[in-house]
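Structural overview
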Amino acid sequence: MASSTSQVRMIARNRRARFDFTIERLFEAGLVLEGWEVKSIRAGNASIADSYVTMRDGEAFISGLRIQPLLSASSHVVADATRDKKLLLHARELAHIYAGIQTRGRTCVALSLYWSGKNVKCEIGLAVGRKKYDKRAAMRERDLQREKDREARES
């Protein structure tokens, strides 16, 4: 996620993504944001549910990231809460994501949004969609682990 020297504070997490997808590879990306978006994120008005990454002209953009504008911070700017934000990645990471997205059944989803020092970072993952029976197996494993933890605490 981030280096151990910088302070990491979680902004938003996409819990549904880890349930719906099997994550194959993780990437950390910076975001190109406007001033009102940063203020709104500091106020806690960000949601990454249903966020995914698209590629256009060799660059990566995150779609579905909602940043609700503050009434006081964005009075002079026409604020679009759902505009696509550019992701800042290295060229070889972009090439890896592009190649992964071209493969049938793969996508790139946003997993979490966090502060790394003074910068907003996004953890994205190259993922494969799970089938319904895979989801059931994951729920069964989670329930079994919960039971084991409960028994360990009681004894």
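These lines cover the structure that appears in this document, whether it is placed above or below. These numbers come from a predicted model, not from an experiment.

This next bit is on the nonpolar core. Core analysis: the biggest nonpolar cluster contains 25 residues, and Leu31, Leu87, Leu89, Leu113 and Ile124 have the highest contact counts within it. Contributing elements (two or more residues each) for this core: strand S2 (21–31), helix H2 (35–42), strand S5 (59–63), helix H3 (91–102), strand S8 (106–116) and strand S9 (119–129). Once you skip the residues sitting within four places of it in the chain, Leu87 turns out to touch Ala29, Gly30, Leu31, Val53, Ala60, Phe61, Ile62 and Ile124.

Turning to H2, a few remarks are in order. Every buried residue belonging to H2 is among Trp36, Glu37, Ser40 and Ile41, and all of these are buried. End-on, the buried residues of H2 take up no more than an arc of 140°, which puts them together on one face. H2 presents Gly35, Lys39 and Arg42 as exposed residues on the side facing more than 90 degrees away from its buried surface. Lining the buried residues of H2 we find strand S1 (8–13), strand S3 (46–47), strand S6 (66–67), strand S7 (85–88), S8 and S9. Positive backbone phi, at 85°, marks Gly44, one or two positions downstream of H2.

Attention shifts here to the pattern of salt bridges. Tallied over the entire structure, the rule returns 10 salt bridges. Between Glu24 and Arg106 there is a salt bridge, with its nearest N and O atoms 3.1 Å apart. Of this pair, Glu24 sits in strand S2 while Arg106 sits in strand S8, and the two are 82 residues apart along the sequence. The exposure class assigned to Arg106 is partly exposed, which follows from its relative accessible area of 30%. Each member of the salt-bridge network shares a partner with another, and the members are Glu34, Glu37, Arg83 and Lys85.

Conventions we followed
Counting of residues starts from 1 at the beginning of each chain's written sequence and follows it residue by residue. This being a predicted model, a pLDDT of at least 70 is required before a residue's local features are given, and a value of 80 or more before pairs of side-chain atoms are given or counted; all residues contribute to the totals for chains, interfaces and linings. As a rule here, side-chain values come from all non-hydrogen atoms in the structure, and water together with hydrogens is ignored. The criterion is simple. A nonpolar core is a set of buried Ala, Val, Leu, Ile, Met, Phe, Trp, Tyr and Cys residues joined through side-chain atoms within 4.5 Å. A simple rule labels every residue: compare its accessible area, found with a 1.4 Å probe on the protein chains alone, to the largest value its type can have, and call it buried under 20%, exposed over 50%, or partly exposed in between. Only DSSP runs of H or I with at least four residues qualify as helices, and only runs of E with at least two residues qualify as strands; both kinds are numbered from the N terminus onward. Throughout, a contact is declared for two residues whenever any of their heavy atoms are within 4.5 Å. Summarising the geometry, the arc corresponds to the directions from the helix axis toward the C-beta atoms. What counts as a salt bridge is simple: a side-chain nitrogen of Lys or Arg found within 4 Å of a carboxyl oxygen of Asp or Glu.

Functional significance is not addressed by these values, which are geometric in nature.
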